[in-house]
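Listed below are the residues making up each chain.
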Amino acid sequence: MLFHTLKSARIAPLAVILSTCSFSTTASAAHSPADAGACTATPADQSQIVEAMRTMYAAASTDDLDKFHTVAAPDFYAFDGGKRYDGDALIQMVKSFHDQGYAFQWTVPDPHVQATCDLAWITYSNRGSITSPGSAAQSKPATQQITWLESAVLQKQSGSWRIRFFHSTRVP
């Protein structure tokens, strides 16, 4: 019985991968090379995609949910620190650290942007810092330089690029 369970556990992921590959092939075949030329992003789109990420960080830095909503899609979610954050939860988590005296600096250096039509993805190494509050043992706050590997998927909605998914992994 255990062997059967292990064998099924190995086959099930393989079936999912194969069905995904099949879907990807079908989806790719639905768009001809002629469609791709009519559906490319402009240099202005590229800039707007990068600016959407910078706006997300500006909103998080100041706990500004209204600003965050200008760039986050209604179905926004993020993976950060090994957890999933839906909607406003990511900004609320950052705010909870601000309330404890932490400060963050985030950047979007050398972004790699790919975009077509109304869908885009961006990757970059966010080189920033975390400043922790001073404690009884420390007379002043301590700042640690941090690098995160980050990516996001954005969708153009009503003429504006909105972040649908964001992922951040801290570099050890």
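Remember, predicted model here, so these are calculated numbers, not experimental data.

Looking now at the packing of aromatic side chains. Per the stated rule, a full pass over the model turns up 9 aromatic pairs. On the numbers, 5.0 Å between centres and 55 degrees between planes, the contact of Y77 with F165 is tilted. Of this pair, Y77 sits in strand β1 (residues 72–80) while F165 sits in strand β7 (residues 160–170), and the two are 88 residues apart along the sequence. The exposure class assigned to F165 is buried, which follows from its relative accessible area of 17%. Consider the rings of F104 and W106, whose centres lie 5.2 Å apart with planes at 5 degrees: the pair is stacked. Among the aromatic side chains, those forming a connected cluster through ring pairs are Y57, F97, Y102, F104, W106 and F166. The ring of Y77 carries R84 above its face, with NZ or CZ at 4.0 Å from the centroid.

Now for helix α5 (residues 89–99). Looking at α5, one finds that the buried residues are L90, I91, M93, V94 and H98. What you see down the axis of α5 is that its buried residues fit within an arc of 160 degrees, all on one side. Elements in contact with the buried residues of α5: α3 (43–61), α4 (65–69), β1, β2 (83–86), β3 (103–105) and β7. Two residues or fewer past α5, G101 is found with a positive phi of approximately 100 degrees.

Taken together, the side chains of L119, W121 and V153 define a hydrophobic patch exposed on the protein surface, amounting to about 240 Å² of accessible area. A relative accessible area of 38% means that L119 is categorised as partly exposed.

To continue, consider the environment of E51. Summarising the element assignment, E51 is placed in helix α3. Sequence separation of E51 and W161 is 110 residues, and the distance between their C-alpha atoms is 9.3 Å.

Cut-offs used in this document
- Residues numbered from 1 in each chain as written.
- Predicted model: local features only at pLDDT ≥ 70, side-chain atom pairs only at ≥ 80, totals over all residues.
- Heavy atoms only, no water.
- Phe/Tyr/Trp six-rings, centres within 6.5 Å; stacked < 30°, edge-to-face > 60°.
- Helix = DSSP H or I, 4+ residues; strand = E, 2+ residues; numbered from the N terminus.
- Buried < 20%, exposed > 50% of the residue type's maximum accessible area, 1.4 Å probe, protein only.
- Lys NZ or Arg CZ within 6 Å of the ring centre and 35° of its normal.
- Arc of directions from axis to C-beta.
- Contact = heavy atoms within 4.5 Å.
- Patch = residues over 30% accessible without salt bridge, like charges linked within 9 Å, V, L, I, M, F, W, Y side chains within 5 Å.
- Areas by Shrake-Rupley, 256 points an atom, 1.4 Å probe, with all protein chains shown as cover.
- Salt bridge = Lys/Arg side-chain N within 4 Å of Asp/Glu carboxyl O.

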